[in-house]
Structures are given as structure tokens and as C-alpha cells.
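Chain by chain, the residues run as shown.
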Amino acid sequence: MDDPGCPVREVHVLVQHGSYPVVTKNNATLQDYMYTQRSAVHKISTKSAFQPHDATVLPVYNPLPGSWFAAAYIPDWNEQMQQEGIIHKCRYSLGSIAMWSQKDHIQTLNIGIKQSVRTHENLSYYRFYVPSHTWFLQVNVSNCHILEQIINQDTGERLFRWCIRSLAFNARSLPAYNPDVGVANITQGDSHVFTELRPYSDGYYYLLVVTEGETGIDITVRTKECGSAFKKLWPHIRDVKASEYTEVSSKQEMEFVGTATPINITVSVSTSEDYGNSQHESSKMLDWEEMWPNITNESPLVLSHLPDESPPILDADFAAVGHQCYPVLPLARIKHASDFTDTFLIQGPDWYSTWLSVQRDLPVFTYLTLLPFTDIGGTLSVNILLDELLMNATHQLITVTGCVRKGRPPDVKNDTLICGEPQLTLNVTSSSRATVEDFILIPFPEPDVWFLALQTICYHKGQKTPCIRDQVLVSIDIRTQPCVFAGESPCGNNGLCQETHRGMFFFTSCVCTAGWRGWGCEDGGSAQGWTSVLTGLCLLTLSNIFFLPPIIIAARRHLYSQALLFTATMIASIFYHACDNEVVSYCVTKYEVLQFTDFFFSLLCFWVTVVGLGGMDEAFCPLFHTLGVIIIAPAVQYSRTALASFTVPMAVATAVPLCHIVYQRWHKGAWPSVQPRQFLYRGIGISLALIGLIMFALIQTKDNYKYVHSTWHVVIALSLVFLLPSRSPSVLAHKANGQVTGHSASLASDDAELIDVGETIVDYTASSPVFHVTSDVDFLLTDNEEDYHSLDREDE
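To start, this report covers the structure provided alongside it. The numbers attached to residues start from 1 for each chain and follow its sequence in the written order. Local features in this predicted model are restricted to residues of pLDDT 70 or higher, and side-chain atom pairs are both shown and tallied only at a pLDDT of 80 or more, whereas totals for entire chains, interfaces and linings draw on every residue. Only heavy atoms go into the side-chain values, all of them from the structure, while hydrogens and water stay out.

### Let's talk about the overall build of the protein chain
Part 1 of the argument: In terms of regular secondary structure, the protein chain is built from 13 helices and 36 strands.
Part 2 of the argument: Buried means the residue's accessible area, taken with a 1.4 Å probe over protein chains only, is under 20% of the maximum for its type, while exposed means over 50%, and partly exposed covers the values in between. Taking all 796 residues of the protein chain together, 43% fall into the buried category.
Part 3 of the argument: Accessible area for the protein chain stands at about 42000 Å²; split by element, carbon and sulfur atoms hold 55% of it. Strands are runs of DSSP state E lasting at least 2 residues, helices are runs of H or I lasting at least 4, and numbering of each runs from the N terminus. Note on areas: Shrake-Rupley, 1.4 Å probe, and residue coverage restricted to the protein chains presented here.

So this is what it looks like as C-alpha cells:
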């Protein structure tokens, strides 16, 4: 904090790998369909201080490589609306210093061959690279032999020690040393095998070997890809008749890229295989162009992605762990011009599709890649939709389970899909229209490869049974989108979506309105009802009707400039507050224009009213009114909430009548006199203006804004009634020339301006009649005695 008088506040700091931390204001709840768990996120709390000496340390051991992001916030922030410059506005800042130590000279192992290594430290690290599309990983640590013995220095005896004290295995980052976790106490000659099914691919795995002395070991790393599992692939494509097509699936409409007419097709992939005893283990990877060389846009096709038989086993290692290969379909990114609006579709040779055929009982996998910086600032939406015609197609209850996982494919056990996290599980069924669709939203997703696996399971009378239908159509809608929801309202009906740019970083977030909270403005626990919203709108707009009294009084006193200005202020305030509403708003023009006119006309009203209190000549009024426009317009444009934007113009406006009074005192030698009622009116007007200023600057908060600001409208409008001059100078001059009579009359107004009678000399002994004037302003009196007597002679 920047001042020792500022309150000490609690500060929460979140540090996360890969993407921005998800933080909700005032600890608002998140919906169940939002996944906010992260692979590496750390939270600390600290206290603010003026010139702090002690730093809060956050240790992160064995961090993941890549970018790390931090977010800090102060809970329960004071939302009092204060004028800038009245009191000190406390500012809180956060400084950070990152320090790290790294392990150098980590030995890299090759895949597929046995390598003999020797440990030279107690903690020895090794790494190896796992390529993309790897579905089986095996690390064999064998032939452990002790090269350095431990000798008792006192007795010279050889002490017992373990060949390997501990083994640890981790993906993407160094494994932490913890003797209580992992493999421990391996004796000489023993071995250990690490096995990973569907491991993290396209990255490094790390192996930690903890020994008590120099030790020799053999390390063998083996990987398998499912592309080499099929010994001989014969892609099979078959034409489908119209009757057969309707039996297989409902007609789904999709549009091919480069064509103008929609084509009805159903797509899946099938392979026929020769399970002979061929010794050739490596085969060519499947390719869309190779599998579907004869696809045309004119012929509807059904391609079956799995044979009726179970997939083949890779080799003895796969057979030992029960591993099988399943089809993995990449999703192509369709890039759009706006940020966070990309879509991911299943890509064929000449077309894109969202419909995927899922075979009975066996899962199918798809994957997409999210990029750092580009995709992390929005929301990843995963939506699956079951073909609605399946609701009445069979007596079985057809369910499709979807599992989303980051970095590696979901697990499969006994041909059954295993979803590790309930929040990343999708379920659709054919029971009703309400259950055929499910979705997951992942705000600020981490950049990585994301997998979606689907599997069909059928039930009859509550019991799991083999599916009657060979395949089920599922629509996959995966996209990145700004804020939360897709469509025209990314934050729903209760918030606005804003995009923030900070250099190369940019992200979107919702600004909730009318008391709504939450990441997507869906938490209505403290939301305002329609009654409260309409009440606030009516108060802020209709309270400007109190400007009608000063408008009418100014017009009756022939103060037409003031009347016009008060009318403009009333209209500008009504339209500004009608637009400045979070829920129901009506803007006749840009918000900035309405805000400027409201502030500008309000200040100009006070300027014209205060300047008019001096009772100066009519020739000088346009000059000072123009001066007010010149001063107020730049001040309002510079800052509409700063205290200086109000105090500087008002100080200059107050100085104008004061200087005029001082000038009269110096020129005529007497101070103006003020009548008691006039003094009372001016005192009431100034008091109301000060009350309005205090309300506007010190009492107004975000919660009571509609009440306090509406009252401010009333108070300021009433203050103008008591501060208005009694008559227009031009009217008073006209009366001075035409209303001097010989009849006895009283003063026409007891609410006159300041009167200078210091140099007025009246000869009451003259033979001329006694004259009374109908106005008591100073310029109706002559400036010298000769002019006064000349008027007497003319009347005689």
C-alpha cells in the first residue's frame, strides 16, 4: 500500500502453470458443468503493509516447464463511490521475485535399446522422450550392481547397503524425492519395471534413482504405437442403400467444404485385418487419403471404424497388461477472425463433420490441441448430442459416456471406459429429449492435447446388455468461446463480456450486473429483482423533474438563458441515467456523449447561477458565460469524477461576483447592502448545494447509489431556486427608463441583488416631488448628484 494510513488488507495470491487462475469475486459459486481443477495451482495469503520488509515465500518443488501465471485479489473490497481528490485513495501493489535452481546435466536415454549407466550422485536423474501417439510405455530398471561399498571407518568392516534406495518416475517434470513414496529398497541383482498405458506423449519422462554410493544399472525404455499394432490393414468402404441408411442412423445434414449443397452422410472407419503370424511388426500409419481414396461428395457412405471382432494384441508385453488399441481421430481446427471463436471438427479427405459413429461396446477417441497464449484466455466448450431418433428406435436404453482428459487418453479397463474425474464426464441417454445432450465448460483451459473418448452402453430393465444397434451417431461440438457461453450472450442475460489485453496476454471475463455473481453471472443469491431495478431507474430519471421549478421561475423572471440551460441539464440527466443502467437501458446516442453532456450542463448551471449573483452589467454576462464554457469543457473531458473538475470551475465562478463587489467598494467607496430576506434565500441555496456536495462525495456507495444520487438531483435543483437572481438585467434597465413615476410606490421586489447606495445623494428639501423606483438594483440610481437634479428639472 502507498500510505501508512491505509488499512491493512488480506491479499490472496494464486500461482498456476500454463494458464490464468480462475478466481471468482467474493467467492461466488461455480456451476457443476464448469471444470476448474488444474494440474498445478498454488495459493498463498498474506497481509498488505507500508514499505514491507518481510516477504512471503511460495516454494514450488519440481515445477512443470513452461509459463506460469499469477493472480492476486483483495476480498471484500470497499465499493464506496468517492470523488477523486477528496480523500486519499489507497493503492495496493504486488511485487514478485522469481528465483529457481535447476538440475543440470541430466542424462538422456534412447528408446528401444538397453543402456548401462552408473550413478555418480546420491540423486541421479535420467530422462527420455516419448513421441506422439504413444499408447504403451515400459521402463525396465535391471541388473543392479553395487560399485562402491560402505566401509566402517573404525572397524574397517563392510556395511550393508541397498543397491537402489529409491526409484521414482514422473512425466514432464522431475520427480520429487520422497522415501515413503515410490519403489524403495532394491537389492543387488533385482529389477523393477514401470508400465504406463496411454502415457503423456510428445514430452519427457523423468526417472530418479536414489543410491547410497556409486551403482551400475541397466535401463531399457520401450514404447509402442497403435499404428503398428495392425499387422495388415485393409480399409473397407461399402456403399449403403437408402433403406439401409435409415436403419443405421438418422439423416444428418452437413455441408462439405467447397460445395454449396448439403450432403447427407454418416461417417465411421472400418478395417479388415489379416491376423496371420507375420513377423513384420511395423506397418504404415493409417491415413485418411489412403483409407478413403474413392470418397466422393455424391455417394453416401458408411465407414465402420472397428471390426466386429476385438482389436488385436500388440505383443506379449501388451498381452500381459491387457492393453488394446482403439481408434484415435484428430480434430481439425477451424480458425475464425475473432478471438476465442475457433471450432474443432472431424476431418475427412474433402469435408468436415461433427457427427461421429460410435460402435457398440468399444470406445473411440478424438483429440485436439490447445495452444499457449492463443486459447487460454477463453473457455473450452465440449458438447455431445445423441441422435434424437434413437429415443424410439429400440426397447433398450442407449447411453453414451464421454470422458475428457488433458495430456493423455482416458483409461480403458476390460473394454470399458474409465473416467477419472466426475467433472470431466459426459452422459447422454435415449430416455428423453432432456437427456440427449450434455456439455462441459472449461474456463481458461491449459494448453495441451485434450482427449475426448466416447463409448456406447445399452441397458434393458436396469441390466447391462449387448447393444442391438451396431453403431450410434453422436454429434461432437467442441469450440473455444469468449467468456462462458456461445452465441450473442457470452455472459447470459445478467452480464457483459469484456476482453482485456495486456501486451501479448489477453483474456475474457464477465462483468455481472444487477447483483448477479459467479463466473458466468449465474449466481443470483444477491441479485436485484425487477422491482428494485425499475425503482432505481425511475428514481434516477424522474427525480430530474425537480428541475422544473427553477426552469419556471427563471422564465418568469425573464432569465431565459438560465431557463434554457436548466432544461438542457434536466433532459441530459434523464437520458444519461436511462442509458447508465446495467439491466434496462435506453441510449439515444453514445454513452460517452450522454455522460459528458450530463456533467458539463450540471457544472455550467452552477457557473451561470453563481456568476449572476454579482448583479453585473448585461454587457459582461456573455463574456463570463463563455469563460465558463471554456473552463468547464476541458475539465469535464479530462476527468469527470475528479474533485478538481468541480472545485476549480466553482472557485473561479465564486471569484467573479466577489471581485465585482470589491470593485464597487473601491470605485464607489461603500460596501453593498443585503436585505434580510435576500440573505436568507442565498443562505438556504448555498446550504442545499453543500449538502448535495457532501452526499455526492462522501455518502454515495454502489449499493445506495440510486437513492443518494436521486436525492442529490432534488437537492441541487432546489438550491437553484434560491440562488436565482430576481430579474434579468435587461428587464431591470427597461424598467429604469420607463417606470419612474410620481406616484408613491413600494419596492417591487424584496429579493433584489446586492445594492450599492454609498454614493447616492438625495436632496429631500428640493421642491421636486419625491420619487420612488420600482426596483432596488444599483444601476437604477444615478451615479452623481448632477444627474439626479437634472432629472428633477426635466420633470418640472
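### Things to note about the packing of aromatic side chains
Part 1 of the argument: The pairing test for Phe, Tyr and Trp rings, Trp by its six-membered ring, is centres within 6.5 Å, and the orientation test on the planes gives stacked under 30 degrees, edge-to-face over 60, and tilted for anything in between. What the rule picks out here adds up to 24 aromatic pairs.
Part 2 of the argument: Between tyrosine 367 and phenylalanine 451, the aromatic rings sit 5.8 Å apart at their centres with planes inclined by 40°, giving tilted as the arrangement. Within this pair, whereas tyrosine 367 is found in strand S25 (residues 364-369), its partner phenylalanine 451 is found in strand S32 (residues 449-460), the two being separated by 84 residues in sequence.
Part 3 of the argument: Connected via pairs of aromatic rings, a cluster forms that spans Tyr20, Phe69, Phe373, Phe444, Phe505, Phe507 and Trp519.
Part 4 of the argument: Here, a charge over a ring is recorded when the distance from Lys NZ or Arg CZ to the ring centre is within 6 Å and its angle to the ring normal is within 35 degrees. In this structure, arginine 127 packs its charged tip against the face of tyrosine 204, placed 4.3 Å from the ring centre.

### Quick word on the pattern of salt bridges
Part 1 of the argument: A pair is scored as a salt bridge if a Lys or Arg side-chain nitrogen falls within 4 Å of a carboxyl oxygen belonging to Asp or Glu. Applying the stated criterion across every chain yields a total of 13 salt bridges.
Part 2 of the argument: Residues glutamate 214 and arginine 118 are paired through a salt bridge, measuring 2.5 Å at the closest nitrogen-oxygen approach. With glutamate 214 in the loop between strand S13 (203-210) and strand S14 (215-225) and arginine 118 in strand S5 (residues 114-119), the pair connects residues that are 96 residues apart, well separated along the chain.
Part 3 of the argument: Look at arginine 118 and you get partly exposed, because its relative accessible area is 46%.
Part 4 of the argument: The salt bridge partner of aspartate 523 is arginine 517, with a shortest N-O separation of 3.6 Å.
Part 5 of the argument: What makes aspartate 523 buried here is its relative accessible area of 14%.
Part 6 of the argument: Assessed through its relative accessible area of 29%, arginine 517 is described here as partly exposed.
Part 7 of the argument: What emerges from the salt-bridge pattern is a single network uniting Arg333, Lys335, Asp342 and Asp375.

### Some words on the sheet that holds strand S12 (residues 192-197)
Part 1 of the argument: With antiparallel pairing, the 4 strands of this open sheet are ordered in space as S5-S14-S7-S12. Only two strands of the sheet have a single neighbouring strand rather than two, namely S5 and S12. Looking at each pair of strands side by side, their axes are set apart by 20° on average, direction ignored.
Part 2 of the argument: Sheet topology places strand S7 (residues 134-146) next to S14; 10 bridges connect them, and they run antiparallel. Two strands are said to pair when DSSP picks up at least two bridges between them. Angles here are taken between N-to-C directions and fall from 0 to 180 degrees, while the axes themselves are lines fitted to C-alpha atoms, restricted in helices to the stretch in contact.

### Let's talk about the sheet that holds strand S1 (residues 10-17)
Part 1 of the argument: Here we have 3 strands laid out as an open sheet, ordered S2-S1-S3, and antiparallel in their pairing. The open sheet is flanked by strand S2 (41-47) and strand S3 (68-73), the only strands paired with a single partner. When strand polarity is set aside, the average angle formed by the axes of neighbouring strands in this sheet is 20°.
Part 2 of the argument: Sheet analysis places S1 next to S2, joined by 7 bridges and oriented antiparallel. Bridge assignment links glutamate 10 to a residue of S2, and that residue is lysine 47.

### Section: the pairing of S25
Part 1 of the argument: Burial of S25 is extensive: 5 of the 6 residues sit out of reach of the surface.
Part 2 of the argument: In this structure, strand S21 (residues 328-334) lies alongside S25, joined through 3 bridges in parallel fashion. Paired with leucine 329 across the bridge in S25 is threonine 366.
Part 3 of the argument: Both S25 and S32 contribute to a ladder of 6 bridges, which runs antiparallel. For threonine 366, the partnering residue across the bridge sits in S32 and is leucine 452.

### Quick word on helix H5 (residues 548-556)
Part 1 of the argument: Of the positions making up H5, those classed as buried are Pro550, Ile551 and Ala554. Projection of H5 onto a plane perpendicular to its axis shows the buried side chains occupying an angular sector of 105°, all on one side.
Part 2 of the argument: Should any heavy atoms of two residues lie within 4.5 Å, those residues are considered in contact. Elements in contact with the buried residues of H5: helix H6 (560-579) and helix H11 (705-723).
Part 3 of the argument: Directly after H5, the chain includes histidine 558, whose backbone phi takes a positive value near 65°. Directions are taken from the helix axis to each C-beta atom, and the arc is the one they span.

### Notes on the packing of H5 against H6
Part 1 of the argument: Contact geometry of H5 with H6 gives a least axis separation of 8 Å together with a crossing angle of 160°. It follows that H5 is roughly antiparallel to H6 by the angle criterion. Between H5 and H6 the crossing geometry is left-handed. Contacts from Leu548, Pro550, Ile551, Ala554 and Ala555 in H5 reach Tyr560, Gln562, Ala563, Phe566, Thr567 and Met570 in H6.
Part 2 of the argument: When grouped by side-chain class, the residues that make up the contact of H5 with H6 number 9 nonpolar, 2 polar and no charged. An angle below 35 degrees is read as roughly parallel, one above 145 as roughly antiparallel, one from 65 to 115 as roughly perpendicular, and any other as oblique. Two helices that cross are described as forming a left-handed crossing if the nearer one is turned anticlockwise from the farther one by less than a right angle, and a right-handed crossing if clockwise. Classification convention: Asp, Glu, Lys, Arg as charged; Ala, Val, Leu, Ile, Met, Phe, Trp, Tyr, Cys, Pro as nonpolar; all other residues, Gly among them, as polar.

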